[in-house]
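Take a look at the letters that make up each chain.
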Amino acid sequence: CIRDRPERVGIDRLLAALAAHRLDGQNRDVIVVDCGTALTIDLVSKDATFRGGVIMAGPATNLAALNSMTAALPDLTSEQLVKPASVLGRSTHEAMLSGAWYSGLGAIRQVVSEIEKLVDGEAGIVGTGGGLGPWRGELPTNWVLVDDLVLTGIFLVARELTCESTQ
């Protein structure tokens, strides 16, 4: 049961929260990191209460904003995000990609760290989303990484509804 005004939370976040809770949060709180167009980081308590989280731009969205909101920065949204050879980009292109890389990874690390301060004990962490891919090698090994967490949430809801209708 996810409580606290779910009508004001995106269904994708709630489905990911449900799936993450079932995968890694039944005995502890779980933090859900979902990176795509948006980067969301949410907390679900061990009793399945959606506690809230943060929403920020994902890496491609950050790059698109730089292009659309400045006069001279190029559109790099189709570029594959990879760890730069150096944090110091020597061209505008390199500097923008470095910025997208480090701002996303830094945001993930900082927000997860701040959320961990709010829980009793160690929280589970479940990561998902296509945008998370570039950082997979940089994330702690104790994270559970699931490619299709929202779809897993849809499956769980459908299964529960099917079971209820057959009883």
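Refer to the structure above for everything that follows.
Source: prediction; values computed, not measured.

Next up on the list: the nonpolar core. Where a protein is soluble and globular, its nonpolar side chains tend to be buried together. Core analysis: the largest hydrophobic core is formed by 25 residues, its most contacted members being I31, V33, I41, I108, V112 and W135. Of all the secondary-structure elements, those providing two or more residues to this core are β1 (30-35), β2 (38-44) and α3 (92-116). Ranked by residue count, the leading element in this core is α3, at 9 residues. If near-sequence neighbours (up to four positions away) are discounted, V33 is found in contact with L39, T40, I41, I108, V112, I125, V126, G127, T128, L132 and W143. Of all hydrophobic cores here, the second largest spans 15 residues; its members include A16, A20, V44 and V146.

Let us now look at the pattern of salt bridges. Tallying each qualifying case throughout the model produces 6 salt bridges. Residues E138 and R109 are paired through a salt bridge, measuring 3.9 Å at the closest nitrogen-oxygen approach. Taken together, the residues span a long stretch of sequence, with E138 in the loop between β4 (124-128) and β5 (144-145) and R109 in helix α3 at a distance of 29 residues. In this structure R109 comes out as partly exposed when scored by relative accessible area, which is 46%. The shortest N-O distance in the salt bridge between R136 and D147 comes to 2.6 Å. With R136 in the loop between β4 and β5 and D147 in the loop between β5 and α4 (149-165), the pair connects residues that are 11 residues apart, well separated along the chain. Given a relative accessible area of 29%, R136 falls into the partly exposed group.

All right, on to helix α1 (residues 11-24) then. Its 14 residues give α1 an end-to-end C-alpha distance of 20 Å, which sits within 8% of 20 Å, the value for a rise of 1.5 Å per residue. By the criterion of burial, α1 is predominantly enclosed, with 10 of the 14 residues buried. Of all the residues in α1, the buried ones are R13, L14, L15, A16, A17, L18, A19, A20, H21 and D24.

Take a nonpolar patch on the surface next. On the surface, V87, L88 and Y102 cluster together to form a nonpolar patch covering roughly 300 Å² of accessible area. Mapped onto the elements, L88 comes out in the loop between α2 (59-68) and α3.

Looking now at the sheet that holds β2. An order of β3-β2-β1-β4-β5 is seen for the 5 strands of this open sheet, with the pairing classed as mixed. Of all strands in the sheet, those with a lone pairing partner are β3 (50-57) and β5, marking the two edges. Two strands pair when backbone bridges link them, and β2 and β3 are joined in this way by 7 bridges, in the antiparallel orientation. Paired with T40 across the strands is I55, a residue of β3. The strands touched by α1 are β1, β2, β3, β4 and β5; relative to β3, the strand with the most contacts, the crossing angle is about 120 degrees. Docked against the sheet, α3 engages β1, β2, β3 and β4, running at close to 15 degrees with respect to β2.

Our focus in this paragraph is the side chain of D42. Mapped onto the elements of the fold, D42 is located in strand β2. Under the relative-accessibility criterion, D42 is labelled buried at 2%. Within the local environment of D42, its side chain forms a polar contact with the side chain of R13, the two groups lying 2.4 Å apart. Not counting chain neighbours up to four residues away, the residues in contact with D42 comprise R13, V30, I31, V32, F50, G52, G53 and V54.

About the thresholds
Residues numbered from 1 in each chain as written. Predicted model: local features only at pLDDT ≥ 70, side-chain atom pairs only at ≥ 80, totals over all residues. Heavy atoms only, no water. Core = buried A, V, L, I, M, F, W, Y, C linked by side-chain atoms within 4.5 Å. Buried < 20%, exposed > 50% of the residue type's maximum accessible area, 1.4 Å probe, protein only. Helix = DSSP H or I, 4+ residues; strand = E, 2+ residues; numbered from the N terminus. Contact = heavy atoms within 4.5 Å. Salt bridge = Lys/Arg side-chain N within 4 Å of Asp/Glu carboxyl O. Expected span 1.5 Å × (residues − 1). Patch = residues over 30% accessible without salt bridge, like charges linked within 9 Å, V, L, I, M, F, W, Y side chains within 5 Å. Areas by Shrake-Rupley, 256 points an atom, 1.4 Å probe, with all protein chains shown as cover. Pairing = 2+ DSSP bridges. Axes fitted to C-alpha atoms, helices over the stretch in contact; angles between N-to-C directions. Polar contact = N/O pair within 3.5 Å; in protein donor to acceptor, adjacent residues only side chain to side chain.

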